[in-house]
Amino acid sequence: MYLPRRLISHLYLQLLKSHHPLSPPVLLLVALDPDALCACRILTALLKRDYIPHKIQPVVGYGDLARAGEELVKPMQTSNGGSGGVVVCLGVGGLVDLSEILCLNAEDDADDMGGVEVWVFDSRRPWNLGNVFGGQPGINQSSEQTDVLARQKGRGVDKGCVSQSYASGSGGIFVYDDGDIEEELIREREAYWALMEMPEVDEDDDDESDGSDCEDGLGHDPGLGSKKRKSWSGHEDGDESDDYDEPPRRRRRSDSGSFIISSPSNQRQILHDSSSSSRSVTPVSDPLSPVAPKQPSARSLRRRLIRLKRKHEAVLQAYYSSGTSYSEPISSLVYSLASELGREDNDLLWLAIVGVSSLELSGRTMSGVGISSASESGGSAGWGGERGERVRQILRDEVHRLNPPDPYERDRDIRGEINGVIPTTARSPTDKSIRLSPEPRFLLVRHWSLYDSMLHSPYLASRLHVWTENGRKRLHKLLAKMGVSLSQCRQSYTHMDMELKRVLRQRLLKYAPMYGLDGLVPPEASGHAASREGWGFVRCWGWKACLSATDVGVIVGAILEVGPEDACSSWDAKHVSGPRNDNSSNDPPGSAWSDMSSLLPRFWTAYDTLSLTSEAPTLLLEALPLAQHLHRAILRTGTSLLSKHQIRHLRAFRIAVVKDGPDVKLFTNPGALTKLALWIGEAISVQEREKGASLKVGRKRAPGTPLVLAGLDEDRDLYVVVGTGGGGGVIDYAAMSKRQDERRKKKEEKEKKRQEREERRAQRAAERAGRGEDEDEEEEADDTEESSSESSESESEGEQTHGNQHLLRNRFGLAFQEVVQETNTRVRIDSFEHCVVEVQREHLGGFLEALSFRSVVG
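Because the structure is predicted, anything quoted here is derived from the model rather than measured. (Residues numbered from 1 in each chain as written. Predicted model: local features only at pLDDT ≥ 70, side-chain atom pairs only at ≥ 80, totals over all residues. Heavy atoms only, no water.)

Caption draft 1: Spatial organisation of the pattern of salt bridges. Enumeration according to the criterion identifies 32 salt bridges in this entry. The partner of Arg841 in a salt bridge is Asp717, and the shortest N-O contact between them spans 3.6 Å. Residue Arg841 is located in the loop between β24 (836–840) and α30 (844–851), and its partner Asp717 is located in the loop between β21 (707–713) and β22 (718–724); the two are separated by 124 residues in the primary sequence. (Salt bridge = Lys/Arg side-chain N within 4 Å of Asp/Glu carboxyl O. Helix = DSSP H or I, 4+ residues; strand = E, 2+ residues; numbered from the N terminus.)

Here it is, written out as structure tokens:
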């Protein structure tokens, strides 16, 4: 089921009403990324204010999610002696069937979820439609199919949509809609429910039908049902070798009598249920068919039903096979919940801002993990194109509302904003306000020297080619034209000359375009109350610290990807979960529990740095050298790969391997490896653009080539592989709106021409009262003209519709699945990021060779 955004507080208010001292704690399953951590902090703040106990469980991958379902969720069910409860998934579970992986369906009664409610907040797409439109106890049963919708409406649910009359208590899966489900999944919703209401049909009896009926375009493999299903991980059968295999493929029976197989990449295939061959098919009448003198045969009705079924399956398959993408950050969605409850304040607003700002750092765009083309337009242009900018504008409005200017310092603030001075200090010792800042696309500029901040900026490094000697000279020339000496720019930014910091923005606006750096700083603001598109956010904690939202995102990300050096030695053993303590000696090196032992301290350290107490800025500053160390390693490794020409171009993507150097162990973490891939991918994209411009290519620039980056983990004898998109990662909503206006005008012109033709036809009919023999010929000519006009209009609309498909989504997750199924390579797919896999060292060559023949963007 899905909860519309207009009812975002409905379930939380019901939780408040039903909560009592004996209620079980709310279980929070949280992914290890900054956006999920910020959402967790906001939600726990709400629960604390309402005195609702809760428990936080970090979740690394699908194996850990399944273990949490078995050990934590299953005991909560009333059928297992529990008393029900609420499970909140933050950044996890949106792409898989949660009723299976969390063990919500009881073995003896699949109609009961044991009173467990699962709330799902996830920005990854595509959704698992079983969670979105199903997820309610009893709707997956094959009996009483005709009463499914009646039972749902009786419970306050209409085709998966929760209404105001819904009352909690029976359990279920609730997906929090950010607006995409109601606006974009209309066809998928109708197709899903049409399949749910459709009677069982045996397709084997129709094998002798024409070939057009058998080719459904779904990519079904006739032999797939007979293949032996590989196990997901070695924890189920005790064999370490099974850790490198295909991801979980959970089976559940749909109302149409088929088995639906769902995987982490949400690629579904519908397999025939062999037991249905013995069932009889009852002919059903088609109310849309014309009255015929003879009743249609059962075989013709079966064929009609099969065609309809395949049509709906094709809609769902097209949705699942479109590739991965990202929607609104869950931190802003949870902040919307707090705002709806009237609980918003500066602390929660800051957490939402940090979560939104962190998406750009990890390459999460509306086309999946990859570089974003929005970097051309503004200083901090990040996630989501125009939609992302709308979210940031709402956050800017919240900043103005919750942080009104001091009337005594209003003039000074206005002068500072007009001059574009980057704030580096608080206004007073007690100042904890959030301010807007014209942040340049530099990295940790307040905590580094200006030179190092510019040198390690991915945006600036890719456009100046800082990995070459000429690129470093171009950087020095830019600083010289701006009037900044090397001795000045190499000292800490906070200690630079104040006059130089005041004119820095104006000089960047003047000289940056000469070096192709148009988006280095955000555009000028038209006034104090005007929209400051591209401006960033800064918060101060008195004299303790002054940090931007991007700075916090960089630091928290570095803690999760690298980890504090003394975390393992100083961490209390009670934070490590029980199964790890019981079975630590038996865990294989590549197992999920051995990964959790190193990642749990990172999670809790990052969680503490986002604290709402006064200790947060101190912890952030202590972890600052960790972030600087990570980005120095990215610059060193990226420079080495590019300068030594170690990036090869295969059939469908470029490939690079990190297997030596001082920082090779650092990039065994998927997050750090992804940031390195984004740095290299943006550099390659800029090179391709410059090469095309030098050759004076007349056609529109295509997105950059996708990149596959592999990092060697010698301790586990495997490669961590990540696949990133090559650009074009943001929908141009302005261009789309312009095309829609053009189509609307063309339709109006078409309607006007049609009316003119009708008037001319009526006039000719009156004049041809005595010449009926020519009427048919002239009418045929008019029909031919109209048909030609409609055909050309249809072709034009088809071209425009195809032109909207310039958003190439990341399909590496689907391609990895196909390679695993068709080859014998040992691969482990366990990450929530489906473009990340682990491949055995000796199988990397065969894996990449098979991958090169797959479609990795689409």
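Caption draft 2: Seen up close, the sheet that holds strand β19 (residues 648–649). Spatially, β19-β20-β21-β22-β24-β23 is the arrangement adopted by the 6 strands of the open sheet, whose pairing is mixed. Each of the sheet's edge strands pairs with one partner strand only, and the pair in question is β19 and β23 (827–828). Pairing analysis gives 2 bridges linking β19 to strand β20 (residues 654–658), with the strands arranged antiparallel. Bridged to His649 within β20 is Arg654. (Pairing = 2+ DSSP bridges.)

Caption draft 3: Layout of the pairing of β22. Most of β22 sits out of view: 7 of its 7 residues are buried. Of the two faces of β22, the one lined by Leu718, Val720, Val722 and Thr724 and the one lined by Tyr719, Val721 and Gly723 are each fully buried. Of the pairings in the sheet, the one linking β21 to β22 comprises 7 bridges and is antiparallel in character. Note that in β22 the partner of Leu709 across the bridge is Val722. Between β21 and β22, which follow one another and run antiparallel, lie 4 residues, and Asp717 among them has a positive phi close to 55 degrees. (Buried < 20%, exposed > 50% of the residue type's maximum accessible area, 1.4 Å probe, protein only.)

Caption draft 4: Examining the sheet that holds strand β18 (residues 546–548) more closely. Strand order across the open sheet formed by 3 strands is β16-β17-β18, with antiparallel pairing between neighbours. Two strands bound the open sheet, and with one partner strand each, they are β16 (434–437) and β18. Neighbouring strand axes in the sheet, compared pairwise and without regard to direction, differ in orientation by 30 degrees on average. Pairing analysis gives 3 bridges linking strand β17 (residues 536–540) to β18, with the strands arranged antiparallel. (Axes fitted to C-alpha atoms, helices over the stretch in contact; angles between N-to-C directions.)

Caption draft 5: Examining the confidence of the model for the protein more closely. Here the protein averages 76 in pLDDT, while 70% of its residues score no lower than 70. Between residues 695–703, whose pLDDT stays under 50, and residues either more than four places distant or in other chains, the model counts 8 contacts. Between residues 783–806, whose pLDDT stays under 50, and residues either more than four places distant or in other chains, the model counts 23 contacts. (pLDDT = per-residue confidence, 0-100. Contact = heavy atoms within 4.5 Å.)

Caption draft 6: The arrangement of α30 in detail. Regarding α30, the residues found buried are Leu844, Phe847, Leu848, Ala850 and Leu851. Projected onto a plane normal to the axis of α30, the buried residues spread over an arc of 165 degrees and lie on a single side. Close packing links the buried residues of α30 with β20, β21, β22, α29 (812–822), β23 and β24. (Arc of directions from axis to C-beta.)

Caption draft 7: Representation of the packing of aromatic side chains in the model. Under the criterion given, the structure shown has 16 aromatic pairs. Centroid distance Trp467 to Trp679: 6.0 Å. Interplanar angle 70 degrees. Geometry classified as edge-to-face. Of this pair, Trp467 sits in the loop between α16 (458–464) and α17 (469–481) while Trp679 sits in helix α26 (residues 670–694), and the two are 212 residues apart along the sequence. For Trp467, a relative accessible area of 8% gives the class buried. Taken together, the ring pairs in this structure connect Tyr2, Phe133, Tyr192 and Trp193 into an aromatic cluster. Geometry around Tyr607 places Arg41 over its ring, the cationic atom sitting 3.8 Å from the centre. Stacked on the ring of Tyr493, the Lys or Arg Lys501 has its end atom at 5.5 Å from the ring centre. (Phe/Tyr/Trp six-rings, centres within 6.5 Å; stacked < 30°, edge-to-face > 60°. Lys NZ or Arg CZ within 6 Å of the ring centre and 35° of its normal.)

Caption draft 8: The pairing of strand β4 (residues 85–90), seen in detail. Among the 6 residues in β4, 6 count as buried, and that is most of the element. Both faces of β4 are covered, namely the face carrying Gly85, Val87 and Cys89 and the face carrying Val86, Val88 and Leu90. Where strand β2 (residues 26–31) lies against β4, 4 bridges are found, and the strand directions are parallel. For Leu28, the partnering residue across the bridge sits in β4 and is Val88.

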